[in-house]
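Topology and contacts: notes
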Amino acid sequence: MGQRVRPTAAEMFAPADLLQGILMVSSFGFWAVMLGLMPVLLFRVWLAG
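The present account deals with the structure reproduced in this document. Keep in mind that what you see is a predicted model, and the values were worked out from it rather than measured.

Some thoughts on the overall build of the protein chain
- Helix and strand content of the protein chain: one helix and zero strands.
- Counting across all 49 residues of the protein chain, residues that qualify as buried make up 0%.

In structure tokens, the structure reads:
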């Protein structure tokens, strides 16, 4: 008789963990870009005004 091997919790939740990691990195990149561009945009608005 063949014994069926059940997937471990790590194998079951690996895709969700990967998705959460991608979301965290992309949101971090978004805030890095926003904080990097904000002084430039404010300076351009200040010069135009």
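Here the narrative resumes, following the displayed structure.
Regarding the packing of aromatic side chains
- One pass over the structure, following the stated rule, counts two aromatic pairs.
- With a centroid separation of 5.3 Å and an interplanar angle of 70 degrees, the aromatic rings of Phe 30 and Trp 31 are classed as edge-to-face.
- When its relative accessible area of 45% is taken as the criterion, Phe 30 is described as partly exposed.
- Among the residues examined, Trp 31 registers a relative accessible area of 52% and is labelled exposed.
- A centroid spacing of 5.9 Å and a plane angle of 40 degrees characterise the contact between Phe 43 and Trp 46, whose relative ring orientation is tilted. Remark: Trp 46 and Phe 43 occur in helix H1 (residues 9-48); sequence separation between them is three residues, near one turn of the helix.

Here we look at a nonpolar patch on the surface
- Nonpolar side chains collect at one region of the surface, where Phe 30, Trp 31, Val 33, Met 34, Leu 35, Leu 37, Met 38, Leu 41 and Leu 42 lie side by side and expose about 910 Å² of accessible area between them.
- Positionally, Leu 35 belongs in helix H1.
- Classification of Leu 35 by relative accessible area gives exposed; the value is 63%.

Conventions we followed
Within every chain, residues take consecutive numbers counted from 1 along the sequence as written. Given that the model is predicted, a residue must reach a pLDDT of at least 70 before its local features are reported, and side-chain atom pairs must reach 80 or more before they are shown or counted; all residues, however, enter totals for whole chains, interfaces and linings. To obtain the side-chain values, all non-hydrogen atoms of the structure were included, while hydrogens and water were left out. Helix and strand assignments follow DSSP, with helices taken as H or I runs no shorter than four residues and strands as E runs no shorter than two, numbered in order from the N terminus. Remark: exposure states derive from per-residue accessible area (1.4 Å probe, protein chains only) relative to the maximum for the residue type, with buried under 20%, exposed over 50%, and partly exposed in between. Each pair of aromatic rings taken from Phe, Tyr and Trp, with Trp reduced to its six-membered ring, is defined by centres within 6.5 Å and is described as stacked if the planes are under 30 degrees apart, edge-to-face if over 60, and tilted in the remaining cases. Two joining distances apply to patches: 9 Å for like charges and 5 Å for nonpolar side chains (Val, Leu, Ile, Met, Phe, Trp, Tyr), and every residue must have over 30% relative accessible area and no salt bridge. Surface accessibility in these figures is a Shrake-Rupley result with a 1.4 Å probe; residues are shielded only by whichever protein chains are displayed. Here a salt bridge means any side-chain nitrogen of Lys or Arg lying within 4 Å of a carboxyl oxygen belonging to Asp or Glu.

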